[in-house]
Amino acid sequence: MKIVFIGSPGSGKGTQARMLASELEIPFISAGDIIRGEINSGTEFGCRALKYTKNGELVPDEIIAEMLLASLPRSFVLDGFPRNISQAILLERTEPDCVFYLYLGISDIVERISKRRICPNCKRVYNLISNPPKTPCICDECGGELISRIDDTEKTARKRMDVYKRETYPLVDYYRKRKMLIEVDGSGSVEDVHHRIMRAVEEIKCKSSC
Ligand code: AMP
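Residues numbered from 1 in each chain as written. Predicted model: local features only at pLDDT ≥ 70, side-chain atom pairs only at ≥ 80, totals over all residues. Heavy atoms only, no water.

- The name an unreviewed UniProt entry gives the protein is Adenylate kinase, with candidate division WOR-3 bacterium JGI_Cruoil_03_44_89 as the organism.
- Within the UniProt record for the protein, the comment given under Subcellular location (unreviewed entry) is "Cytoplasm".
- Per UniProt, the comment on the protein under Catalytic activity (unreviewed entry) is "AMP + ATP = 2 ADP". (UniProt positions renumbered as here; feature names shortened; annotations may be inferred.)

Set out below in structure tokens:
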């Protein structure tokens, strides 16, 4: 299957996409993780991407698109791409099956972004209130020291929300018109949202086998 996740910053799409990929045993691909990896490794791509990511802006399509599309496997759960209509048009060549859209109210979004911590080693995401690590500041999975993302400051988060509304939100209509959109309530616990997504996946599997 080729599954895409869209949603606002802090909607939980990265966490949910990763869980779904693990459940379906197919690769999880995160555009944001790829970009952060390149930045941390100091590659030429990372150096070019840093100024955009640090300011909450999108990395230009020509930098991200070819790199990401060239390496996509036959099945995937994709998080963070597309982020605008032109990226959606580029992604069409991979013929995605469906697009999950996680929607969430603004107060939940602000709360989730401010309490988010990530493991720079294994990329697992935590929330200090709803999904804290067992030992404070330490990743349960690999023992890495948890950090805040460089773009989770209040100023940058606000900018990312503006960019989301302007560039990414139009994708909801784009995929709705193509009957590819599955809208999922992103509120509640990680497990609640995961169950909603799994129910929708079961329905898709059932329809395609009928
Ligand atoms: P994310 O981890 O998905 O929240 O992405 C973090 C940051 O990486 C974004 O704010 C952008 O600067 C950059 N980024 C991630 N995905 C894309 C994309 N598809 N196009 C352009 N920039 C992106």
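What follows continues from the structure just given.
### A look at the packing of helix 1 (residues 13-24) against helix 9 (residues 190-209)
Here is step 1 of the chain: Across the interface, helix 1 lies against helix 9 with an axial gap of 10 Å and an inter-helix angle of 50 degrees. In terms of orientation, helix 1 and helix 9 fall into the oblique class. As helix 1 runs across helix 9, the sense of the crossing is right-handed. Judged by residue contacts, Thr-15, Gln-16, Met-19, Leu-20, Glu-23 and Leu-24 of helix 1 engage Val-190, Val-193, His-194, Ile-197, Met-198, Val-201 and Lys-205 from helix 9.
Here is step 2 of the chain: The residue makeup of the contact of helix 1 with helix 9, split by class, is 8 nonpolar, 3 polar and 2 charged. (Axes fitted to C-alpha atoms, helices over the stretch in contact; angles between N-to-C directions. Helix = DSSP H or I, 4+ residues; strand = E, 2+ residues; numbered from the N terminus. Parallel < 35°, antiparallel > 145°, perpendicular 65-115°, else oblique. Left-handed = near helix turned anticlockwise from the far one by under 90°. Contact = heavy atoms within 4.5 Å. Nonpolar A, V, L, I, M, F, W, Y, C, P; charged D, E, K, R; others polar.)

### Regarding the nonpolar core
Here is step 1 of the chain: If you look at the biggest cluster of nonpolar residues, it comprises 29 residues, and the most contacted ones within it are Ile-6, Leu-78, Phe-81, Leu-91 and Tyr-175.
Here is step 2 of the chain: At the level of elements, strand 1 (2-7), helix 2 (31-41), helix 3 (44-54), helix 4 (61-70), strand 3 (76-79), helix 5 (85-91), strand 4 (98-103) and helix 8 (170-177) are the ones that each hand at least two residues to this core.
Here is step 3 of the chain: Ranked by residues supplied to this core, first place goes to helix 4 with 5 residues.
Here is step 4 of the chain: The contact partners of Leu-78, leaving out residues within four places of it in the chain, are Ile-3, Val-4, Phe-5, Ile-29, Leu-68, Leu-72 and Leu-91. (Core = buried A, V, L, I, M, F, W, Y, C linked by side-chain atoms within 4.5 Å. Buried < 20%, exposed > 50% of the residue type's maximum accessible area, 1.4 Å probe, protein only.)

### Description of the site of the ligand
Here is step 1 of the chain: As a matter of local geometry, the ligand sits amid 17 residues, with Glu-57, Val-59, Gly-80, Gln-87 and Arg-149 nearest to it.
Here is step 2 of the chain: Contact distances for the ligand include 3.2 Å between an oxygen atom and a side-chain N or O atom of Thr-53.
Here is step 3 of the chain: A total of 480 Å² of accessible area belongs to the ligand in isolation, and the protein chains cover 97% of it.
Here is step 4 of the chain: The element that contributes the greatest number of residues to the shell around the ligand is helix 2, accounting for 4 residues.
Here is step 5 of the chain: Of the residues belonging to the shell around the ligand, the class tally is 6 nonpolar, 4 polar and 7 charged. (Near = heavy atom within 4 Å. Polar contact = N/O pair within 3.5 Å; in protein donor to acceptor, adjacent residues only side chain to side chain. Areas by Shrake-Rupley, 256 points an atom, 1.4 Å probe, with all protein chains shown as cover.)

### With respect to the UniProt feature "binding site: AMP" (unreviewed entry) in the protein
Here is step 1 of the chain: In the numbering adopted here, UniProt assigns the feature "binding site: AMP" (unreviewed entry) to Arg-36, Glu-57, Leu-58, Val-59, Gly-80, Phe-81, Pro-82, Arg-83, Gln-87, Arg-149 and Arg-160. The named residues occupy 125 residues along the chain; their greatest pairwise C-alpha distance, 24.0 Å, places them well apart from one another.
Here is step 2 of the chain: Within the element layout of this structure, Leu-58 appears in the loop between helix 3 and helix 4.
Here is step 3 of the chain: Here Leu-58 falls in the partly exposed class, since its relative accessible area comes to 23%.
Here is step 4 of the chain: When sequence neighbours within four positions are dropped, the list of residues in contact with Leu-58 reads Tyr-52, Arg-83, Asn-84, Val-163 and Glu-167.

### Side note on unusual backbone geometry
Here is step 1 of the chain: That bond from Phe-81 to Pro-82 is cis: its omega, 10 degrees, falls within 30 degrees of zero.
Here is step 2 of the chain: As for its position among the elements, Pro-82 is in the loop between strand 3 and helix 5.
Here is step 3 of the chain: Despite not being glycine, Lys-123 shows a phi value in the positive range, around 75 degrees.
Here is step 4 of the chain: Relative to the helices and strands, Lys-123 is located in the loop between strand 5 (116-118) and strand 6 (125-127).

### Details of the environment of Lys-115
Here is step 1 of the chain: The residue Lys-115 is located in the loop between helix 6 (106-114) and strand 5 in this model.
Here is step 2 of the chain: Separated by 62 residues in the primary sequence, Lys-115 and Lys-177 have C-alpha atoms spaced 35 Å apart.
Here is step 3 of the chain: With residues near it in sequence (within four places) discarded, Lys-115 still touches Tyr-126, Asn-127, Leu-128 and Ile-129.

### Description of the packing of aromatic side chains
Aromatic ring pairs are defined here through the distance separating the ring centres and the angle between the ring planes.
Here is step 1 of the chain: Under the criterion given, the structure shown has 5 aromatic pairs.
Here is step 2 of the chain: Summarising the aromatic geometry, the rings of Tyr-164 and Tyr-169 are spaced 6.3 Å apart at their centres and angled 65 degrees between planes, so their arrangement reads as edge-to-face.
Here is step 3 of the chain: Judged by relative accessible area, which is 9%, Tyr-164 ranks as buried.
Here is step 4 of the chain: Overall, Tyr-169 belongs to the partly exposed group, its relative accessible area being 42%.
Here is step 5 of the chain: Pairing Tyr-174 with Tyr-175 gives two aromatic rings, centres 5.0 Å apart and planes at 90 degrees, and the pair type is edge-to-face. Here Tyr-174 and Tyr-175 have matching classes, each one buried.
Here is step 6 of the chain: Here the aromatic residues Tyr-101, Tyr-103, Tyr-164 and Tyr-169 are joined through ring pairs into a cluster of three or more.
Here is step 7 of the chain: One Lys or Arg, Arg-178, reaches over the ring of Tyr-174 and ends 3.7 Å from the middle of that ring. (Phe/Tyr/Trp six-rings, centres within 6.5 Å; stacked < 30°, edge-to-face > 60°. Lys NZ or Arg CZ within 6 Å of the ring centre and 35° of its normal.)

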